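If you want the building blocks of each chain, they are given just below.
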Amino acid sequence: MSGPGVEVGAQAARSRALAVLRLRSRALAVALLPAAVAVVLVAGGVTGHMEGPGWDVARWAVAVLALLVLLAAGAVALVVARARPALSPTVPVPEESAPDLYRLVRDLADRLDVPAPSAIALTPDCDSWLEDRTHPAHGTPADAAPAEDARATHRPSFTAPVLVIGSPFLWWMRVGELRAVLAPVVAGTGPSAHPDIAAARRFVRGLDAAVADASAPGRAPLLRPLLAGVGWVARLLLRNCRVHAAEMERGVAAAAAERAQAVDYGVRIVAQEQVGLAYAGWDRLLTRVALPAWRMGRWPSRLDAGVVAALTELSRRDRLAEGFASRLGERPACDLLEEPGMVDEAASLLAARLFHGGPAEPGPDWAPVAWQEYPDEVVDRKWRTDAARLHRVLDSLGVDHLADPAAAGPEGPTLGRVLAHLTAPDATGRPDAAATDDPARHEASAAGIAPDDAPDATPDDAPGVTLDDTSDDAPDEGPRGMLAASLTAELAREEAAAPPRPAPAGQGPDEALWVDGALPLFPLQPPRTGRELLADHVTAMVCCAAVDTAGAAPGLDWLDGPALLVGGERAADLAPSVRSLVERGDPAPLRDWLTRLGVRPEKPVRLA
């Protein structure tokens, strides 16, 4: 299957590959030039055409220069050849564990008239690509897929790349949609089989790996100057071939896309919509649902199945997503796996490792959690751990329980103690928030109006809450600022005291990521500010009080993560009340919320 567009893209890719190889040849010629000159000078002396003291000096000087250049070129070539190219951490899928998936990919390759991928692997991301793993350090393709041995004997000069598929696609997409999405990816094996393109790619990957090795820390002092020189040469060659390599990859992608045009074109248009939807649901699931569990030392073992639940919930809430849930009656692509649960668990563990930096294997402090156990194992534990930390910090600040006669000591922590401290006067004797006694705000809160929308009775020049007091960047010396700073310091101490997580031996070709401390590769969120930490801990304390004194329960919201359930319904109006307290020191909205739900702030709560 070929056409004008395929030929144009392939020819463009080959021409750029030849440009990369010409650069490699020129670099080799430059390295051999002093040796060639030395050979000419020696030959001239032997034949008697270049005699005399001057020629002798020139011969010795050029010979020494040629030897040094050859040694340097040999060192560069050795480092480039031995450097291990970057390899994406993935979950291998042997053929015996997914025969239907391999059959689908091979049928697709036959329709496209391209070589079939040598193996299949999954990545916990919403993307798919081909990855060359022919470097000796990565193992042979037979290690990844034993069934490829028989086919590899027919093409000894070319080993097809590995097909990496985003694991959320398998659970959210239907079989036809997955085939349509993979068509342009699998079509890329055709241009990859061309010898010039394969050689150019190996050269560029070797240079990139050499630069990474040269800049790696922990090298012996005697090797650092040598590696610095090798890195300089590799970077110079990379700069000169960067444009050609990029254009070569564009040509390969254009040829693959053109070749895949005739395969399930109509389905592919619909499938591309599902790609965007799956990415949105996956991102929301990781940041809102998985991240709190990872921070608690638990990793959800069915993240891919959670994507289906999250997107189904999105289709129920969002009118724009209506109709997507009707697809769930069709056969999902995960049915192509023999053991989808085991594959989902492996992909979930890898996701925790990449996005949070967790260990590569489960353990006592890194245990899997099922979705039905999430409210008790993650949500409730998170709230009570944060509440305990909040009261521990209050104890360190010398905050007593005078505001709560029912709590005579640290063994009886109450929400009232937190409210009393956050609304206490600051060091100047001024109330920490003038909004506390603002009747307009209080009336607006009682009427269900957001505090930000209520009229402000404080004049612009009054010594109450100013813009500086509510700015995230402004220093806060009052009780709120001191508590936020102490919480930040306490969390930093806990993280510093946590024991390092060693990587197990023989964990795979991405072991260097652990050795170099490079994980997490993709942190999901930036470090939280002190005000955000304070809001999280106050929310946790409020939720603990609601659970212990008002009959509320911890729950899981597929789009927003931990949730407080009151009467079986999510209490979605808690966050604005907490923000009003933390940002302005106004407890009126939160007190009204507590009264409406029957929460008793003066009652002690159970901590972790």
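Computed from a predicted structure; not experimentally measured. (Residues numbered from 1 in each chain as written. Predicted model: local features only at pLDDT ≥ 70, side-chain atom pairs only at ≥ 80, totals over all residues. Heavy atoms only, no water.)

Turning our eyes to something else, we now look at the overall build of the protein. Each helix and strand counted, the protein has 22 helices and nine strands in total. Relative to its 608 residues, the protein shows a buried fraction of 46%. For the protein, the exposed surface amounts to about 29,500 Å²; the carbon and sulfur share of it is 58%. (Helix = DSSP H or I, 4+ residues; strand = E, 2+ residues; numbered from the N terminus. Buried < 20%, exposed > 50% of the residue type's maximum accessible area, 1.4 Å probe, protein only. Areas by Shrake-Rupley, 256 points an atom, 1.4 Å probe, with all protein chains shown as cover.)

Once that is clear, we can look at the packing of helix H18 (residues 479-497) against helix H20 (residues 530-550). Where H18 meets H20, the axes come as close as 8 Å, and the angle between the chain directions of the two elements is 90°. Relative to H20, the element H18 lies roughly perpendicular. Residues Arg480, Leu483, Ala484, Leu487, Thr488 and Leu491 of H18 lie in contact with H20, whose contacting residues are Gly530, Arg531, Leu533, Leu534 and His537. (Axes fitted to C-alpha atoms, helices over the stretch in contact; angles between N-to-C directions. Parallel < 35°, antiparallel > 145°, perpendicular 65-115°, else oblique. Contact = heavy atoms within 4.5 Å.)

Further remarks concern the sheet that holds strand E3 (residues 129-131). Here we have four strands laid out as an open sheet, ordered E1-E2-E4-E3, and mixed in their pairing. Across the chains shown, the open sheet's two edge strands, defined by having one partner strand only, are strand E1 (91-93) and E3. With direction set aside, neighbouring strand axes in the sheet form an average angle of 35°. By the bridge criterion, three bridges tie E3 to strand E4 (residues 162-166) in an arrangement that is antiparallel. Paired with Glu131 across the two strands is Val162, which belongs to E4. Contacts from helix H7 (residues 175-186) reach E3 and E4 within the one sheet, and its direction differs from that of E4 by about 140°. (Pairing = 2+ DSSP bridges.)

Among the secondary structure elements, Arg288 is positioned in helix H11 (residues 265-295). Residue class for Arg288 comes out partly exposed when judged on its relative accessible area of 35%. Measuring from C-alpha to C-alpha, the distance between Arg288 and Leu559 comes to 6.8 Å, with 271 residues separating the pair along the chain. Those residues in contact with Arg288 that sit more than four places away from it in its chain are Leu559, Asp560, Gly561 and Pro562.

Strand pairing within a sheet occurs via backbone hydrogen bonds; the two strands may be parallel or antiparallel. A sheet is described by the order of its strands in space; here three strands give the open sequence E7-E8-E9, paired in antiparallel fashion. One side of each edge strand has no neighbouring strand; the edge strands of this open sheet are strand E7 (553-557) and strand E9 (569-570). In terms of strand pairing, E7 meets strand E8 (residues 561-566) through five bridges, oriented antiparallel. Residue pairing for E8: Ala553 is matched across the bridge by Leu565. Against the sheet, helix H14 (residues 374-396) touches E7 and E8, its axis set at about 110° to E7.

As a further point, take the packing of H11 against H14. Contact pair H11 / H14: the axes reach a minimum separation of 10 Å and the direction vectors enclose 75°. Comparing their axes, H14 and H11 come out roughly perpendicular. Contact residues: Val289, Pro292 and Ala293 in H11; Tyr374, Val378 and Lys382 in H14. Across the contact of H11 with H14, the residue classes break down as five nonpolar, no polar and one charged. (Nonpolar A, V, L, I, M, F, W, Y, C, P; charged D, E, K, R; others polar.)

A full pass over the atoms with the stated rule returns two aromatic pairs. Ring geometry for Trp371 and Tyr374: centres 5.9 Å apart, planes at 45°, overall tilted. As far as the burial class goes, Trp371 and Tyr374 line up, both buried. Judged by centre distance (4.9 Å) and plane angle (70°), the rings of Trp371 and Trp558 are edge-to-face. A residue pair is termed long-range when its members are at least 10 positions apart, and Trp371 in the loop between strand E6 (367-369) and H14 and Trp558 in the loop between E7 and E8 qualify at 187 residues. A relative accessible area of 14% means that Trp371 is categorised as buried. Three or more aromatic residues joined by ring pairs form one cluster here, namely Trp371, Tyr374 and Trp558. (Phe/Tyr/Trp six-rings, centres within 6.5 Å; stacked < 30°, edge-to-face > 60°.)

Turning our eyes to something else, we now look at unusual backbone geometry. A positive phi angle, close to 60°, is found at Asp113, a residue other than glycine. Positionally, Asp113 belongs in the loop between helix H3 (99-112) and strand E2 (119-123).

Mapped onto the elements of the fold, Ala210 is located in helix H9 (residues 195-214). A residue is classified by how much of its surface remains accessible, and Ala210, at 0% relative accessible area, is buried. Placed 22 residues apart in sequence, Ala210 and Trp232 show a C-alpha to C-alpha distance of 9.9 Å.

Among all positions of helix H22 (residues 588-597), only Ala588, Pro589, Leu590, Asp592, Trp593 and Leu594 are buried. Positive backbone phi, at 80°, marks Gly598, one or two positions downstream of H22.

This part is about the side chain of Asp386. Among the structural elements, Asp386 can be located in helix H14. Accessibility expressed as a relative area gives 9% for Asp386, which makes it buried. A distance of 3.0 Å separates the side chain of Asp386 from the side chain of Arg389, its partner in a polar contact. Each residue touching Asp386, except ones within four places of it in the same chain, is listed here: His537 and Ala540. (Polar contact = N/O pair within 3.5 Å; in protein donor to acceptor, adjacent residues only side chain to side chain.)

Before going further, it helps to spend a moment on the confidence of the model for the protein. Residues with a pLDDT of 70 or more make up 79% of the protein, whose mean pLDDT is 81. A low-confidence stretch, residues 141-156 (pLDDT under 50), is modelled with 16 contacts involving residues beyond four sequence positions or located in other chains. For the stretch residues 403-410, pLDDT sits under 50, and the model shows 13 contacts to residues farther than four places along the chain or on other chains. (pLDDT = per-residue confidence, 0-100.)

Take the pairing of E8 next. Adjacent in sequence and paired antiparallel, E7 and E8 are bridged by three residues. Count of turn residues in the E8/E9 antiparallel hairpin: two residues, of which Gly567 carries a positive phi of about 65°.

Before going further, it helps to spend a moment on the nonpolar core. Leu178, Val186, Trp294, Leu303, Val538 and Leu564 are the most contacted members of the largest nonpolar core, which has 108 residues in total. If you tally residues by element for this core, the top one is H11, at 12 residues. Leaving out residues up to four positions away in the same chain, Leu564 has contacts with Trp383, Cys543, Ala546, Val547, Ala552, Ala553, Glu569, Arg570, Ala571 and Trp593. Counting residues in hydrophobic clusters, the runner-up holds 23 residues, among them Leu23, Val80, Ala210 and Val211. (Core = buried A, V, L, I, M, F, W, Y, C linked by side-chain atoms within 4.5 Å.)

Right, let's talk about the pattern of salt bridges for a bit. Evaluated as defined, the whole model comprises 27 salt bridges. When salt bridges that share partners are traced, they join Lys382, Asp386, Arg389, Arg392, Glu490, Arg493 and Glu494 into one network. (Salt bridge = Lys/Arg side-chain N within 4 Å of Asp/Glu carboxyl O.)

This part is about a nonpolar patch on the surface. On the surface, a cluster of nonpolar side chains totalling about 400 Å² of accessible area is made up of Val64, Leu67, Leu68 and Leu71. Within the secondary structure, Val64 is located in helix H2 (residues 53-82). Given a relative accessible area of 46%, Val64 falls into the partly exposed group. (Patch = residues over 30% accessible without salt bridge, like charges linked within 9 Å, V, L, I, M, F, W, Y side chains within 5 Å.)

So, on to the pairing of E2. Of all the five residues making up E2, five are buried; the element is thus mostly covered by neighbouring parts of the structure. The side-chain alternation of E2 yields two buried faces, one formed by Ala119, Ala121 and Thr123 and the other by Ile120 and Leu122. Note: E1 against E2, three bridges, orientation antiparallel. Counterpart to Pro92 in the pairing with E2 is Ala121.

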